[in-house]
Amino acid sequence: MVVSSSSWSTALVKISPYTFAAVGIAISIGVSVLGAAWGIYITGSSLIGAAIKAPRITSKNLISVIFCEAVAIYGVIVAIILQTKLESVSSSKIYDPESLRAGYAIFASGIIVGFANLVCGLCVGIIGSSCALSDAQNSSLFVKILVIEIFGSALGLFGVIVSIIMSAQATWPSKG
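Note that the structure is predicted; figures quoted are calculated from it, not measured. (Residues numbered from 1 in each chain as written. Predicted model: local features only at pLDDT ≥ 70, side-chain atom pairs only at ≥ 80, totals over all residues. Heavy atoms only, no water.)

Remarks on the state of the cysteines
Per the stated rule, a full pass over the model turns up zero disulfides. Cysteine Cys68 shares no disulfide, and the gap to the nearest cysteine sulfur, in Cys120, comes to 8.0 Å. Taking the relative accessible area as the measure of exposure, Cys68 reaches 0% and is therefore buried. (Disulfide = S-S within 2.5 Å. Buried < 20%, exposed > 50% of the residue type's maximum accessible area, 1.4 Å probe, protein only.)

So, the UniProt feature "domain: V-ATPase proteolipid subunit C-like" (unreviewed entry) in the protein chain
The UniProt entry lists residues 24-82 and 107-166 under the feature "domain: V-ATPase proteolipid subunit C-like" (unreviewed entry), expressed in the numbering used here. Regarding residues 24-82, the helix share stands at 93% and the strand share at 0%, and the terminal C-alpha atoms are separated by 9 Å. (UniProt positions renumbered as here; feature names shortened; annotations may be inferred. Helix = DSSP H or I, 4+ residues; strand = E, 2+ residues; numbered from the N terminus.)

Considerations on the UniProt feature "transmembrane region" (unreviewed entry) in the protein chain
UniProt marks residues 20-41, 62-82, 102-129 and 141-166 with the feature "transmembrane region" (unreviewed entry), using the numbering shown here. Secondary structure within residues 102-129 divides into 100% helix and 0% strand; the distance between the first and last C-alpha atoms comes to 40 Å. Secondary structure across residues 141-166 comprises 96% helix and 0% strand; the distance between its end C-alpha atoms is 39 Å.

Dropping the structure here:
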């Protein structure tokens, strides 16, 4: 089978594995922060609105904002872990299959944690919004909805775990 020089597979093999690794690290932190910001936006706006009716809910419902912020911290932690996976490789071995696999593994790890945390931030934000609105109506619902919010926050941890497992595949060829 003849492969044209403009095929996707050729393009993917010609891009430096360091580029894939850097993009994966950037996605890890960038999309995680986007998820956290979106969650804080959703929770915060409902919290402020509901606090007009019941000012007592403001301080205890800040836990929802903290859960959203934890999503960004997950992305920062994984970005630091992925950054430590980068190693210097001689220019003659930069396109070896082992180098490509390491770059793709770091890229995949960043994608996994970034988008898992994006969805987690939205999930925690929506649940936090519901928690604030329901707590303003009936304070006995706060703990019940907070438990659901904890389960939503665990989704981000699952992304972190899968990302760490994927990044274990990132082994660069020896310099020798």
